[in-house]
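# Summary of structural features
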Amino acid sequence: MGVQGMTPRAYLARSRKSSNLWRRVRFEVCGIELARRLVPELEGGNEISSQSAVGKALLMASAGDRIVVEAPGGDVVVKVLEVL
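From a predicted model like this one, the values you see are computed outputs, not experimental measurements.

## Description of the overall build of the protein chain
- Tallying secondary structure elements over the protein chain gives two helices and five strands in all.
- For the protein chain, the sequential pattern of α-helices and β-strands runs α-β-β-β-α-β-β.
- A total of 84 residues make up the protein chain; the buried ones form 26% of that total.
- Taking the contacts inside the protein chain whose residues are at least 6 apart along the sequence as the reference set, 39% of them involve residues at least 24 apart.
- Surface summary for the protein chain: the accessible area is close to 5,300 Å², and the carbon and sulfur share equals 51%.

Dropping the structure here:
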């Protein structure tokens, strides 16, 4: 999967003023749509840790962003659909 036309993660981190911590984020990864609350530490159910690779990428993202996340099996593109 190519990464041309994607917004670099470093640019996203500098361009946003507030974090999505404790907010619910709806995103698509590998063609699957998910909605998870972004938390500092996992407590249970529909949550994602802000310390995980995907969590770090979503922390400063906005709806419409496409983010490349480095994963053990190769880079994964995450499309942010909505931040609630």
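## Re the pattern of salt bridges
- Per the counting criterion, the structure on display carries three salt bridges.
- Arg-26 is the salt-bridge partner of Glu-82, the closest N and O atoms lying 3.1 Å from each other. Here Glu-82, found in strand β5 (residues 76-83), pairs with Arg-26, found in strand β1 (residues 24-29); they are 56 residues apart in sequence, far enough to count as distant.
- A salt bridge links Arg-37 to Glu-47, with the shortest nitrogen-to-oxygen separation between them at 2.5 Å.

## Here's the deal with the environment of Ala-57
- Tracing the backbone through its elements, the reader meets Ala-57 in helix α2 (residues 53-58).
- Classification of Ala-57 as buried rests on a relative accessible area of 6%.
- With 23 residues separating them along the chain, Ala-57 and Val-80 place their C-alpha atoms 9.9 Å apart.
- With residues up to four places along the chain from it excluded, the contact list for Ala-57 reads Ile-67 and Val-69.

## What to know about unusual backbone geometry
- Its identity as a non-glycine residue notwithstanding, Trp-22 has a phi of 75 degrees, on the positive side.
- Mapped onto the elements of the fold, Trp-22 is located in the loop between α1 (9-15) and β1.
- You will see that Cys-30, though not glycine, has its phi angle at about 55 degrees, which is positive.
- Within the secondary structure, Cys-30 sits in the loop between β1 and β2 (32-39).
- For Cys-30, a relative accessible area of 64% gives the class exposed.

Conventions used here
Residues numbered from 1 in each chain as written. Predicted model: local features only at pLDDT ≥ 70, side-chain atom pairs only at ≥ 80, totals over all residues. Heavy atoms only, no water. Helix = DSSP H or I, 4+ residues; strand = E, 2+ residues; numbered from the N terminus. Buried < 20%, exposed > 50% of the residue type's maximum accessible area, 1.4 Å probe, protein only. Contact = heavy atoms within 4.5 Å. Areas by Shrake-Rupley, 256 points an atom, 1.4 Å probe, with all protein chains shown as cover. Salt bridge = Lys/Arg side-chain N within 4 Å of Asp/Glu carboxyl O.

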